[in-house]
Each structure stands twice: as C-alpha cells, then as structure tokens.
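# Remarks on the overall topology
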Amino acid sequence: MNELMHSAIRQSKPAVMRGLREGVASLSVLRKDVALNGPAWLPLSLVLGAFSAVAYADHLVVSISLVYLYLLPLVLGAIFLRKEISYSFIVVCVLFHDYYSPRGIDPGLRIFHNLSAMLCFALVVYVIQRYMEQREALAKTVQQQRDDLLKDVELAAQVQRLFLPSGKPAIAGLEIAGMMLPARGVGGDYYDYIPIDTHAIQIIIADVAGKGVPAALLMSATAAAMRLEANDDRNMLEQVERLNTGIHSVSDGERYVTLLVAEIDAQKRKLRYVNCGHNPALLFRANTGTLTRMNSSCPPIGLSPEEICEQAAEDLMTGDVLVFYTDGVTEAENRLEEEFGMERLSATVRRGSSLSAEDLMISIYNSAADFCGDDFGDDVTILVVKCNFDGSSTVRP
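Quick look at the structure, then. (Residues numbered from 1 in each chain as written. Predicted model: local features only at pLDDT ≥ 70, side-chain atom pairs only at ≥ 80, totals over all residues. Heavy atoms only, no water.)

## Brief notes about the packing of helix H3 (residues 41-60) against helix H5 (residues 83-100)
Interhelical geometry of H3 versus H5 gives an angle of 20 degrees and a closest axis separation of 9 Å. In terms of their interaxial angle, H3 and H5 are classed as roughly parallel. Between H3 and H5 lies a crossing whose hand is right-handed. Residues Val47, Phe51, Ala55, Asp58 and His59 of H3 lie in contact with H5, whose contacting residues are Phe89, Val92, Cys93, Phe96, His97 and Tyr100. Each residue belonging to the contact of H3 with H5 can be placed in one class, and the counts come to eight nonpolar, two polar and one charged. (Axes fitted to C-alpha atoms, helices over the stretch in contact; angles between N-to-C directions. Helix = DSSP H or I, 4+ residues; strand = E, 2+ residues; numbered from the N terminus. Parallel < 35°, antiparallel > 145°, perpendicular 65-115°, else oblique. Left-handed = near helix turned anticlockwise from the far one by under 90°. Contact = heavy atoms within 4.5 Å. Nonpolar A, V, L, I, M, F, W, Y, C, P; charged D, E, K, R; others polar.)

This is how it looks when you write it as structure tokens:
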C-alpha cells in the first residue's frame, strides 16, 4: 500500500509542477508564451530599460517634444507584456511625458497633445497585440498539426510492426533471431521468416531506398506482396519477377528495393538464395572458420520492367552461421566519418560464432552502436540463423 501511495505521489508531482508554472505564468506581467519559454528578467529588463532611457532623454530635452520616443518601450511592452499591462503602460508613458513637458504650454493644448499621443500609442499597441495574437494562434495550430502528425506516424509504425514476425519459427536444427530498428519511427527495412514445412523455411530481408514515411509505405507493400507470394508459390525466381513487376508499376523506377530471399532446408542441409542488389549476407563456416559472402546476382527490385536473376546454392553444416543485415549496420559512421564496414562486421561474426543466434545478433548491434555512438543514420536490421543440425547447444555468456 505504501508503495502504491509513493508511486501515486511521484506521478502527481510533474502535474502539480506544471500547474504551478502555469499559475505563476498567468499571474505574471508577461505574456504566457514569453513567461513559459525563457527567463522573466530579460524581457522585463528590456522594457524597463527602454522606458528609463526614453524618460531620461525626455527629462533632459525641454526644447522639443520627445513623445514619439515612447513608442520604443510601448512596442517592446506590446511584444512581451500581457494585453492589459501593455495598455496600462500607455497611460504611464503619457503621464511621464506630461510631467517632463514645459509648464508654459497652454492647458488646452497640453490636454489635446496628451490625448492625441495616447490615441496614437493605443493604435500602435493594438496593431502589435493583434499581430502577437495571430502569431500565437499560428504557433498553436502548427503545434497541433505537429502532434497530429506524430500520432499518425506512431500509428504507421504500429501498422508497420504488424508485418514483422511476432515470434520465432520452430524449425528443428535452426536457431533464428531478428531485429529491426527504424531511424525515424517508421522505416524502409523489412525482414521475415516464413515456414515452408516442418524442416524448411524462407528468409527475407529487404531495404527500400530512402527513409521515413515514403520508404515505410513501399516497405509495407513489399511485405504484403512477399506474404502473398509465399502463400501461392515457392519458386523464388518467379516470386522476385512478380514483385519487381508490381513495384516498378507503382514507382516508375524512381524508388527501388534491395532484396535477399533465401530458403533453408534443415533436413537436406541446403541453402538456396537470390540476392537482388542487397548487401551480401555472410555465411560463416564452422569447420574452416572462413566467411563466404552471398553476393548480389541481379539489380534491385523496381528499377527496370524486367528482372533477370540467378539462384545460388550452398551446402550447410552444423555450426554454420548466416548473418543477414541492411546497410544501416555497415554504413554506421563514427565522429571521424569512418564507416563500421564489412571488416568490423566480419570480425564481430567470427568472434561470436559460438554464441546463440540471439546473442550474436545483439553482439553485432552493440558493436555497431558503440562504434557510431548510438547515432545510426539509417534503419538497422539484423537477422541471424545458426545451424544446429545435430542438436548441439550454443554458448551463452
């Protein structure tokens, strides 16, 4: 019970502090937006300083009227002070000028002079106050639109996450782990693993050119198309050809998708893949300690009406590791504008080849994040497949 009370008190403190700040702002002589966005002494110093300087000059000069100089503190007051305070400030300025005016002036002329000055001052303050009100209304509208846009982006991110795999596939002999971290809330990276049967699975990783919402929309279309293609046909070359036709028809070649599709048969211990302009996946051979690159054999999806690809194949053994990734990993830059690159990625895979698939995935991400200081300039996707055909366990730190 005490913990619940303490938690409620902790949660209520920020709301109480916000209420106090708003209350103080409402009681201040400053406009609300000015009082909440900076130190109060600075605008007050500008207004009072300008008023003091003009009043002092009006006191020194008696040969001519310096009433027009009071426009300076009044303009500053209209910008920084609340409406009722800035209008009251007009009376103060007129009274000060009347006090410093020569006493030999006819009283009627003095009254006319003061009234005309007051009307001119009121007009100037009114115009500036209207401008400030319109500015505040515009700022509020922009903030509301920004909040609505952020909500829309968050909704788009939630929809995008629906296309990503929600769990790990249960394929005997294969250990699979994957992650995707968008650079802007929504991203253009996509990965998936779709079971073919009880001993085979299709691995997909893709990267849409560009970032943000346009890339996310094309990524969602790619993900949906790949899901439909996987349900209808398992011929990878035909899948890629149909996907290329569909994407090219909607993008006119302006946007493209790099794609790597692989099928792993744990029973036959066979890997077949098609790489369409994507970063070469890494195949670590446990028996020799070497790394093989699964290079591209055709252009990215959507660049041209026709996509002519070649399918490659590799034999797999127990302990072999497959690492799929997007260029957000290898192109991550440090402060010296050096890229993480293939050499560092390869070294990380070699060092962690005995780890579980999930631990190796985390190790790759942490290595890249440490290198670039967690400042990734692009979406980051990593997918690791560990071959444990004989049921051997992996090492966890």
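Having seen it, we continue.
## So, the sheet that holds strand S7 (residues 290-294)
Read across the open sheet, the five strands follow the order S1-S10-S9-S6-S7; overall the sheet is antiparallel. Looking at the sheet topology across the chains shown, the edges are occupied by strand S1 (174-181) and S7. Taking the axes of each pair of neighbouring strands and ignoring which way they run, one obtains an average angle of 15 degrees across the sheet. The sheet contact formed by strand S9 (residues 321-325) and strand S10 (residues 380-387) spans five bridges and is antiparallel. Across the sheet, the residue bridging to Leu322 is Val385, located in S10. (Pairing = 2+ DSSP bridges.)

## Quick word on the environment of Val127
Here Val127 is to be found in helix H6 (residues 107-162). Classification of Val127 as partly exposed rests on a relative accessible area of 47%. Considering only alpha carbons, one finds Val127 and Ala78, 49 residues apart in sequence, at a separation of 9.1 Å. (Buried < 20%, exposed > 50% of the residue type's maximum accessible area, 1.4 Å probe, protein only.)

## Comments concerning a negative patch on the surface
Together, Glu331, Glu333, Glu337 and Glu339 give the surface a local cluster of negative charge. With respect to the helices, strands and loops of the structure, Glu333 is situated in the loop between helix H9 (327-330) and helix H10 (341-351). (Patch = residues over 30% accessible without salt bridge, like charges linked within 9 Å, V, L, I, M, F, W, Y side chains within 5 Å. Areas by Shrake-Rupley, 256 points an atom, 1.4 Å probe, with all protein chains shown as cover. Salt bridge = Lys/Arg side-chain N within 4 Å of Asp/Glu carboxyl O. Lys, Arg positive; Asp, Glu negative; His and termini not counted. Charge placed at Lys NZ, Arg CZ, Asp CG, Glu CD.)

## Points about H10
Every buried residue belonging to H10 is among Gly341, Met342, Leu345, Ser346, Thr348 and Val349, and all of these are buried. Each element contacted by the buried residues of H10 is listed here: strand S6 (281-285), S7, S9, H9 and helix H11 (357-372).

## Points about the state of the cysteines
Counted under the stated rule, the structure contains one disulfide. In this model Cys298 forms its disulfide with Cys309; the gap between the sulfur atoms is 2.2 Å. One quick way to see it: the torsion about the S-S bond of Cys298 and Cys309 is about 80 degrees, and its sign makes the bridge right-handed. One end of the pair, Cys298, is in the loop between S7 and strand S8 (312-315); the other, Cys309, is in the loop between S7 and S8, with eleven residues separating them in the sequence. Judged by relative accessible area, Cys309 falls into the buried class, the value being 15%. (Disulfide = S-S within 2.5 Å.)

## Some thoughts on the pattern of salt bridges
Two side chains with opposite charge may pair up if their charged atoms get near one another. Counted under the stated rule, the structure contains ten salt bridges. In this structure, Arg31 engages Glu136 in a salt bridge whose closest nitrogen and oxygen atoms are separated by 2.7 Å. Here the residue Arg31 occupies a position in the loop between helix H1 (2-27) and helix H2 (32-36), and Glu136 occupies one in helix H6, the gap between them amounting to 105 residues. Looking at Arg31, the relative accessible area reads 6%, which means it is buried. Ionic pairing is found between Lys270 and Asp315, a salt bridge with its closest N-O pair at 2.9 Å. Remark: Asp315 occurs in strand S8 and Lys270 occurs in strand S5 (residues 270-276); sequence separation between them is 45 residues. The class for Lys270 is partly exposed, based on a relative accessible area of 32%. One network of salt bridges, in which partners are shared, links Lys83, Arg130 and Glu133.

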